[in-house]
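One letter stands for each residue in the lines below.
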Amino acid sequence: MEQQVIYNAAIYCRLSRDDLSTGESSSIQTQKALLTKYVTENGWRVAGCYVDDGYSGTNYNRPDFERMIEDIEDGKINLVITKDLSRLGRDYIKTGYYSEIWFPENGVRYIALNDGIDSLKSDNDIAPFKNILNEMYAKDLSKKIKSAFRVKFARGDYHGAFPHFGYAKDPNNNCKLIIDAESAETVRLIFDLAKQGYGAARIRTVLIDRKLPTPAAYLYKRNPEKWYTKKFQNAAPYEFYAWSTGMVDRIRDDEIYIGNTIHYREISVSYKTKNRYWQPRDKWWRVENTHEPIIDIDTWNLVQRRYHQKARPARKNPPNIFQRIVLCADCQKLMWLTPRQYSPKGELTERRYFHCGTYRQHSKLKCSMHNASYAAVQAIVLNDIREYARLAMESPEELLARLTETENRQKQAAHEQAQKDYTNGVKRLGELENLLRRLFEENVAGRMSNENYEAMFSLYQAEQQSLKPQLEMLSVQLAAYGEDQNNGQKWIALIAKYADLQELDAPIVNELCEKILIHQHEKVNRKRVQKIEIFYRFVGKLPTVNGEVEHEIHGSRHLCANNAIAVNK
């Protein structure tokens, strides 16, 4: 006698529109009631109810859907039920993948109640066509929405989740902006300082000193339950006024403050994804005089002229040979390099310094300066390369023994991730081959029209063709990881060429170095001491030739000695 299966059902509900008020929409409640009634009437157990209210069906990045998948993987669920196929999703490729491949492979029965789809039965031939129609509906709806927005934009309506900083939405007309007195004062202050010649960094400092809230913090202040709750509810006080130069620049360049509305600064890649990309200025759509300006046109023109013209000829600096290699040791962001300086007498000096890019953007709120002399870093790297090159020439066996202790540990994590990606890719490639074969059989049997067959075949084939190069690249990476034992010999042979190196240049640095970390300086016995770490290609970070763990910069002037920079102040 066949044993009856005990089903633990997951009720999945979705609605692709935002609620007008807190709580779930009535449509979600209707889905819940319908599906719960069906599950209980069949004597099954409701293991969980998963609701994505306000999420589009054209992508699967939905919190409760992902939670449901995790519960299936944990063995808590063996039945998924939705009101219809479109509630599961409107991307017909991914919906077909879950309903026809992933659910069966994980021992899950799937039911789309109103569509009469049940994976336990064999009469589900209509399911692929319903998935295609669901996606066509989503695509057509996207076109209609975009067309409606163009009409609204043309008549000057404002559409955004929240108003620009300095404005509020008119309580009598949600598509119109009115000036918000409190935040508008901050905008006027920014333009007033810019008019006086203040740069973005100085303006940022004034805003921080006055503890004026950033645009995001101001939204949170106005409605803490709706805007940026996770960012600010447990944030340190300084986060509320952590202005950056980027924030200042965006306000200073935004025409919204002279009464114009700009549309299509960025557009979506596809109706299936929320990813967006910026368009060039000549493709923006400008609608003038849509609301009351905060900044008068004379001030606007003066500020734009001052900050978009070149005040003096660009300095001709020698190239930065460490470009995109020198990083801040604390925030891991790129270090910026100051241009060459001019003395009061107009003489050009060579005092150039690295300093943290995060510090330049956010001041001391986010990181510290980590400033280090360009010449000192250059001398340390040059000396280290020459010393290792000398050791590679004189005692390669000793050097190889030293390298073997450190190289494998640093690459293990990357190796494991590449292996995981490769395994998943091979699995997906096999699934695509099965799907293509099934499509062919359906077409030959006359159960699928040539038009639908060609459309679905081209999509599956495109994914297959994009996946193969990725797998080839991962295969090459895995093969390279398998050769880690040879990395020491490779590096020794590479660096041995530079025993007589007299001057560094960018090609040599990029050939040998992976990254260089600059630490914040410390005071040791009343002297300024700063550490740097050099990570070489193939072998990563190494101790100095004379056995120290890191290199050091002492003081502000430097002399090359014993693989470090030693200075008498």
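Residues numbered from 1 in each chain as written. Predicted model: local features only at pLDDT ≥ 70, side-chain atom pairs only at ≥ 80, totals over all residues. Heavy atoms only, no water.

1. Structural notes on the overall build of the protein
For clarity, the cut-off: Each helix is a run of DSSP H or I of at least 4 residues and each strand a run of E of at least 2, with the numbering of both proceeding from the N terminus. For every residue, the accessible area obtained with a 1.4 Å probe (protein chains only) is divided by the maximum for its type, and the residue is called buried under 20%, exposed over 50%, and partly exposed between those limits. Any two residues having at least one pair of non-hydrogen atoms within 4.5 Å are treated as being in contact. All accessible-area figures derive from a Shrake-Rupley calculation using a 1.4 Å probe, and residue coverage is judged against the displayed protein chains alone.
Helix and strand counts for the protein come out as 18 helices and 22 strands. Within the protein, the fraction of its 569 residues that count as buried is 42%. A fraction of 64% describes how many contacts in the protein between residues 6 or more apart in sequence connect residues 24 or more apart. Summed over all atoms, the accessible surface of the protein reaches about 32400 Å², with 49% contributed by carbon and sulfur.

2. Here we look at the confidence of the model for the protein
For the record, the criterion: The quantity called pLDDT is the predictor's confidence in a given residue, expressed from 0 to 100.
Within the protein, residue pLDDT values average 77, and 76% of them lie at 70 or more. Averaged pLDDT values for the elements of the protein fall to 32 in strand 21 (residues 559-561) and rise to 92 in strand 3 (residues 79-82). Taken as a whole, residues 556-569 scores under 50 in pLDDT and shows 34 contacts with residues more than four places along the chain or in a different chain.

3. A look at the side chain of Asp118
Selection criterion: Counted as a polar contact is a pair of N or O atoms within 3.5 Å, where, for protein atoms, one must be capable of donating a hydrogen and the other of accepting one, and residues adjacent in sequence contribute only when both atoms are in side chains.
By the secondary structure assignment, Asp118 is in strand 5 (residues 117-118). Separated by 2.6 Å, the side chains of Asp118 and Arg109 make a polar contact.

4. A few points about the side chain of Asp180
Looking at the element boundaries, Asp180 is found in the loop between strand 7 (173-179) and helix 6 (181-195). On the basis of relative accessibility, which here comes to 9%, the residue Asp180 falls in the buried class. The contacts of Asp180, once residues within four sequence positions are left out, are Gly166, Tyr167, Ala168, Tyr218 and Arg222.

5. Here we look at the sheet that holds strand 13 (residues 335-337)
Note the threshold: A pair of strands is treated as paired once DSSP finds two or more bridges between them.
Pairing is antiparallel across the open sheet formed by three strands, whose spatial order is 13-14-15. This sheet does not close on itself; its edge strands, each paired only once, are strand 13 and strand 15 (372-373).

6. Quick look at a negative patch on the surface
We count it as follows: Nonpolar side chains (Val, Leu, Ile, Met, Phe, Trp, Tyr) within 5 Å and like charges within 9 Å form the patches, drawn only from residues with over 30% relative accessible area and no salt bridge. Salt bridges are defined as contacts in which a side-chain nitrogen from Lys or Arg sits within 4 Å of a carboxyl oxygen from Asp or Glu. For this count, His and the chain ends are skipped, Lys and Arg are scored as positive, and Asp and Glu as negative. To locate a charge, take NZ of a lysine, CZ of an arginine, CG of an aspartate or CD of a glutamate.
There is a patch of like negative charges on the surface, built from Glu66, Glu70, Glu73 and Asp74. Its place among the elements puts Glu66 in helix 2 (residues 63-73). Residue Glu66 is classed as partly exposed on the basis of its relative accessible area, which comes to 38%.

7. Examining the packing of helix 7 (residues 200-209) against helix 10 (residues 245-252)
What counts is decided by this rule: Between the N-to-C directions of two axes lies an angle of 0 to 180 degrees, each axis being a line fitted to C-alpha atoms and, for a helix, fitted only over the stretch in contact. By definition in this entry, angles of less than 35 degrees are roughly parallel, angles greater than 145 are roughly antiparallel, angles of 65 to 115 are roughly perpendicular, and the rest are oblique. Polarity classes work like this: nonpolar for Ala, Val, Leu, Ile, Met, Phe, Trp, Tyr, Cys and Pro, charged for Asp, Glu, Lys and Arg, and polar for all others, with Gly in that last group.
Running from amino to carboxyl end, helix 7 crosses helix 10 at an angle of 105°, the nearest separation of the two axes being 9 Å. What the angle tells us is that helix 7 and helix 10 run roughly perpendicular. Along the contact surface, helix 7 presents Ala200, Ala201, Ile203, Arg204 and Leu207, while helix 10 presents Thr245, Val248, Asp249 and Arg252. Here the residues of the contact of helix 7 with helix 10 sort into five nonpolar, one polar and three charged.

8. Thoughts on the nonpolar core
To keep it simple, the criterion reads: We call a set of buried residues a nonpolar core when its members are Ala, Val, Leu, Ile, Met, Phe, Trp, Tyr or Cys and they connect through side-chain atoms within 4.5 Å of each other.
Phe322, Val381, Ile385, Trp491, Leu504, Leu512 and Tyr536 are the most contacted members of the largest nonpolar core, which has 40 residues in total. Contributions of two or more residues to this core are made by strand 12 (326-328), strand 14 (353-356), helix 13 (374-394), helix 17 (487-495), helix 18 (506-512), strand 16 (513-518) and strand 18 (527-536). Top element by residues in this core is helix 13. It accounts for ten residues. In this structure, Val381 is in contact with Phe322, Leu504, Cys513, Ile516 and Ile534, ignoring residues within four places of it in sequence. In this structure, Ala10, Tyr50, Tyr98 and Tyr110 belong to the second largest nonpolar core, which totals 33 residues.

9. Quick notes on the packing of helix 13 against helix 17
At a minimum axis distance of 8 Å, the contact between helix 13 and helix 17 shows a crossing angle of 110°. Judged by the angle between their axes, helix 13 and helix 17 are roughly perpendicular. Touching Ile385, Tyr388, Ala389 and Ala392 of helix 13 are Trp491, Ile492 and Ile495, all from helix 17.

10. Focus on unusual backbone geometry
Excluding glycine, residues mostly have negative phi values, and the peptide bonds linking residues are mostly trans. One non-glycine residue, Gln332, lies in the positive phi region at around 65°. Residue position: Gln332 is located in the loop between strand 12 and strand 13. Residue Gln332 is classed as partly exposed on the basis of its relative accessible area, which comes to 40%. Its identity is not glycine, yet Arg526 carries a phi of approximately 65°, on the positive side. With respect to the helices and strands, Arg526 occurs in the loop between strand 17 (522-524) and strand 18.

11. Here we look at the packing of aromatic side chains
Stated precisely, the cut-off is as follows: In this scheme Phe, Tyr and Trp rings, the latter by its six-membered ring, pair at centre separations within 6.5 Å, and the angle between planes marks the pair as stacked below 30 degrees, edge-to-face above 60, and tilted otherwise. Both a distance and an angle decide whether a charge sits over a ring: NZ of Lys or CZ of Arg must be within 6 Å of the ring centre and within 35 degrees of the ring normal.
Enumeration over the complete set of coordinates arrives at 26 aromatic pairs. Their ring planes at 75° and their centres at 6.1 Å tell us that Tyr388 and Tyr536 sit as a pair that is edge-to-face. Linking Tyr388 in helix 13 with Tyr536 in strand 18, this pair joins segments that are 148 residues apart in sequence. This pair shows no difference in class: Tyr388 is buried, exactly as Tyr536 is. Joined through ring pairs, the aromatic side chains of Tyr12, Tyr60, Phe65, Tyr97, Tyr98, Trp102, Phe103 and Tyr110 make up one cluster. Over the ring of Tyr198 we find Arg202; its NZ or CZ atom is 3.9 Å from the centre of that ring. A cation over an aromatic ring shows up here: Arg428 above the ring of Tyr97, its NZ or CZ 4.8 Å from the ring centre.

12. A short note on helix 7
Listed in full, the buried residues belonging to helix 7 are Ala200, Ile203, Arg204, Val206, Leu207 and Ile208. Lys211, located one to two residues past helix 7, shows a positive phi value of around 55°.

13. Side note on the pattern of salt bridges
On inspection of all chains with the given rule, the structure shows 18 salt bridges. With its nearest N and O atoms 3.4 Å apart, the salt bridge here joins Lys83 to Asp84. Classification of Lys83 as partly exposed rests on a relative accessible area of 25%. Of the charged contacts in the structure, one is a salt bridge between Glu431 and Arg428, with a shortest N-O distance of 3.3 Å.

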